Amino acid sequence: MGVYSDDPLWADVEPLPQDDGGPNPLAAIAYTDEYSEAMSYLRAVMASNDMSERVLSLTEDIISMNPAHYTVWLYRARVLLTLKKDLKEEIAWLNPTALNYQKNYQIWHHRQTIIDALDSPEGEAEFIAQMFERDAKNYHVWSYRQWLVKRFDIDDESELKAIDELLRADVRNNSAWNHRWFVVFGRHEGDSLDETVLERELKYAQAAIYLAPQNQSPWNYVRGLLRKYNKPLSTIKPFATEFASLDHPDDVHSSHALDVLADIYEGEGTKADAAKALDLLAQKYDPIRANYWTYRKFLLGFPPEPDHPIFHHHNY
Amino acid sequence: MAQNATIHPGFAAHSGLDRAKHINYWKRCLKTYLPHQYTSNDSNRLMLSFFIISALDLLGALLPSTTPAERADYARFLYSCQHPEGGFRGFPGTDFGQLRNKQNKQWDPANIPATYFALSTLILLGDSLQRVNKRACLRWLLQMQREDGSFGEILGENGQIEGGQDTRFGYCATGIRYILRGHKTGSVLGMPDINVDKLVDCIRRSQTYDGGISEAPFHEAHAGFTYCAISTLSFLDRLPNGVGGHLYHYGNVRLSGLTDLDLTVRWFVSRQTTTLDDEEAADTYSDETDTTATCHDAHSFVKTRSVPAKSDETCEKDRPPPAVELQWIGFNGRPNKVADTCYAWWTCASMAILGKLNLLSYTENQLYLLSKPQHAIGGFGKLPGDPPDIYHSYLGLAALGVLGNDAVKPVDPALCFSKHGATLLKNMLWRKRLLGEPGSEGPLVDSDDEVIETAEPRGRGVDVRAHQNLQVRYVRRGSEGETTLCGDGESTVASHDSDQVTLRGE
């Protein structure tokens, strides 16, 4: 007795039960009867390449129980395209499904297939905004957004505006910072570097640092910018000094500024100052990375005591 | 560390792992049905199988918990998932049995991660991989590499590579390659090598401006993807010179897989966080809640203007807390995210491969795992207080192995299972012969394999014409039981089925 075996619509299908290959299979799951039955019908229709309408409800059923099934989505897409279904309806079905299974890869690939076939990004920005309301750092959504931007050649200006809104909501959203980098540099590989872009981006990241000096994302962004443009880190020495100075070791406002200063002093050859900055990090402003800061100091020629944890033996 | 005077510097956290409870947790996973909530992971059953068997191995409990007959059954289950055209299925659920044909085979493909996990599990079970269709697997592997060098998950319709651009697939693919052919380049078993240079280039292009590695160029760096990329480079022997155990060169033309080692190390070190759960997170869409006591790494010595979070509340934060609060240091997967058990593995294992584990606060990292996400019934949850699940329980345990916890076997950080398992693999005679190791002289086939005919190669997009004359086909020569040193040294007899004929379906 079951949903499918009792349904005349499926009377012609001989369900194909699962073969677990003998006694003592590994990772056997206490399947519900509903799942076992649906899977037996799925195998049967896949085996006969059934491309009829009923397959859509069956695949929907499977997806609701096992959205990570790696061929049920491909099969569903094939049926949709074979039957020339209205793909907008598919997107309307996908939206709540994606909201239910936020960490599922297959859903996003399927969406890509359907939107690609529809050849229009209409409504996608709104849907992505809805996803971001739940989790503004959802990795799948950001990856999908990059695909969307490239596929439909969405202009930089509207993307930068959208990112700005997300960063205004949470300036620590590293995914948004990364997307900004993609918009600014990812689609223009091979172009010569435009100094006005560097200025604009430096200004943007520095404004964010003023808001939250201890936020690592814009500091990483600034370091990335200078590296990309082959500018020395000392370019931002006056800026970094606003947040940390060896003259005022009790008045440090950002460990990241101290880190930048340590690198700048090293580059300038004032190793003693670099060591002081690293000491402040290890002992006071970023002690959870004390071993790393001690190692950096060691590289400068200031070794710690011989039994320091960075010298302990690990078998690697 | 001076700031951690409360912790004995030589602290080995062996007392903190409740070994008996962890063993019980994993024995339940092995011997009883997994609860129906795992249905959403049904397609990943071979991954779950690997975690269960490997966890018991890491705890030294695989042999005491299982009989030789049970282990033979487990191996039989895995081999039942072997795919007729090479590799392994992710689970038995797509197998059409006798109904399989050319028209429906695209719905029942072999799966890259499942294949890596199946081979690894078989190794840990003491199986010598004699029944693996190695040549078919290597040929399938060639078909799974894209033009840009990356690998996919499955072959779909018309040989289309499905499964997204994702360093996880590159990791599993090169893991398969390492298991089946070590670091050997060129043709093996008549199959040409994958395009190593293109894969390395793909990884280089996926390195981000902040030093981590993402799934694809310009995507956000992520500790899991970074681990996969670094392990891939380890499998390919393409880490920067001086890093890792393999220092041999092929002239000066080798391209190192990491564009900026120091920056990558800095990125990993920055994954350490004391923001241990959502309530403490500075990154959630709720209001800013990190406080002096909870959010040491986000302590934001804000001057005057301050609007960092979604709310308009001013974020006031103080100086760092006293050192005594720094006993627990966890790991996040991306900047400004909350700690999660699995990132202890991705980060510690990567740093171990890079020879930089000591730069982490490894004592406090162990204490985090043992004190926070470790669950009272055994296993680990994702966050402190979460119920244990197979994924986090395995990676938490493996991370402790890398960190040197003496209740866990030492772990091979790239293979993601015990060094004992890695030794079992290295001692396999067929593999030693394949790799031409001294003392293992003989033909490049298993002693009980027999060359019976030639077959046409079908490498997709790969020039295999030069190898056509070398194409061979092996058929098992009847059943020959083999004595294998298994697990902790117990001797067991692994039966060989005579019906496992390679290259079925051709």
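If you're wondering where the values come from, they're calculated on a predicted model, not measured in any experiment.

**Q** Please explain helix 8 (residues 156–169) of chain A as it appears in this structure.
**A** Side chains of residues three or four places apart in an α-helix project in the same direction, reflecting 3.6 residues per turn. All names here are of chain A. Helix length check: helix 8 (14 residues) gives 20 Å between terminal C-alpha atoms against 20 Å at 1.5 Å per residue, within 8%. By the burial criterion, the buried members of helix 8 are E159, L160, I163, D164, L166 and L167. The buried residues of helix 8 occupy an angular sector of 165 degrees when projected down its axis, which confines them to one face. Seen from the open side of helix 8, the exposed residues pointing more than 90 degrees away from its buried face are E157, K161 and R168. The elements touched by buried residues of helix 8 are helix 6 (124–134), helix 7 (139–151), helix 9 (174–186) and helix 10 (195–211).

**Q** Sorry, what's going on with the environment of B:Q165 here?
**A** All names here are of chain B. Relative to the assigned elements, Q165 resides in the loop between strand 2 (161–162) and helix 7 (167–181). Put simply, Q165 and F151 are 14 residues apart on the chain and 7.1 Å apart in space, counted from C-alpha to C-alpha. Filtering out sequence-adjacent residues up to four positions away, Q165 remains in contact with R146, D148, S150, E215 and A216. Within the structure, the side chain of Q165 is placed 2.2 Å from the side chain of D148, a separation counted as a polar contact.

**Q** Help me understand a nonpolar patch on the surface in this model?
**A** On the surface, A:F298, A:L299 and A:F311 cluster together into a nonpolar patch covering about 270 Å² of accessible area. Residue A:F311 is classed as partly exposed on the basis of its relative accessible area, which comes to 34%.

**Q** I keep staring at the interface of chain B and chain A and nothing clicks. Help me out?
**A** By a frequent convention, interface size equals the accessible area lost on bringing the separate parts together. Contact residues are listed per partner, giving 112 residues for chain B and 96 residues for chain A. For the pair chain B and chain A, the two sides together bury roughly 9000 Å², of which 54% comes from carbon and sulfur. Counting the surface chain B buries against chain A, the share from its top three residues, B:W107, B:Y209 and B:F218, is 11%. Summed over the shared surface of chain B and chain A, the result is four salt bridges. A:D259 serves as the salt-bridge partner of B:R266, at 2.3 Å between the closest nitrogen and oxygen. Broken down by secondary-structure element, the contributors of at least two residues to the side of chain B that touches chain A are helix 2 (45–58), helix 4 (68–80), helix 10 (261–269), strand 3 (272–273) and helix 13 (390–402) of chain B. For the side of chain B that touches chain A, the leading source of residues is helix 4 of chain B, giving seven residues. Of the residues in the side of chain B that touches chain A, the class split is 48 nonpolar, 35 polar and 29 charged.

**Q** Would you explain the domain arrangement of chain A in this entry?
**A** Structurally, chain A comprises domain 1 (1–85) and domain 2 (233–316). Computed from C-alpha coordinates alone, the two centres of domain 1 of chain A and domain 2 of chain A are separated by 59 Å.

**Q** Which parts of the structure should I look at to understand the state of the cysteines?
**A** Disulfide: a covalent bond connecting the sulfur atoms of a pair of cysteines. Residue and element names in this part refer to chain B. Under the definition given, this model contains zero disulfides over all chains. No disulfide involves C202; its nearest neighbouring cysteine sulfur is the one of C228, lying 13 Å away. What makes C202 buried here is its relative accessible area of 8%. The thiol sulfur of C342 is not disulfide-bonded, and the nearest other cysteine sulfur, from C228, lies at 11 Å.

**Q** Explain the nonpolar core here, please?
**A** One broad trend across soluble globular proteins is that nonpolar side chains are buried collectively. B:W26, B:Y116, B:W345, B:I390 and B:Y394 are the most contacted members of the largest nonpolar core, which has 239 residues in total. If we ignore the near neighbours within four places in the chain, the residues touching B:I390 are B:Y25, B:W26, B:C29, B:L34, B:Y38, B:L48, B:F51 and B:I52.

Reading the values: the criteria
Residues numbered from 1 in each chain as written. Chains lettered and ligands numbered in written order. Predicted model: local features only at pLDDT ≥ 70, side-chain atom pairs only at ≥ 80, totals over all residues. Heavy atoms only, no water. Helix = DSSP H or I, 4+ residues; strand = E, 2+ residues; numbered from the N terminus. Expected span 1.5 Å × (residues − 1). Buried < 20%, exposed > 50% of the residue type's maximum accessible area, 1.4 Å probe, protein only. Arc of directions from axis to C-beta. Contact = heavy atoms within 4.5 Å. Polar contact = N/O pair within 3.5 Å; in protein donor to acceptor, adjacent residues only side chain to side chain. Patch = residues over 30% accessible without salt bridge, like charges linked within 9 Å, V, L, I, M, F, W, Y side chains within 5 Å. Areas by Shrake-Rupley, 256 points an atom, 1.4 Å probe, with all protein chains shown as cover. Salt bridge = Lys/Arg side-chain N within 4 Å of Asp/Glu carboxyl O. Buried area = accessible area lost by both parts, 1.4 Å probe. Nonpolar A, V, L, I, M, F, W, Y, C, P; charged D, E, K, R; others polar. Domains from an automatic or database assignment. Disulfide = S-S within 2.5 Å. Core = buried A, V, L, I, M, F, W, Y, C linked by side-chain atoms within 4.5 Å.

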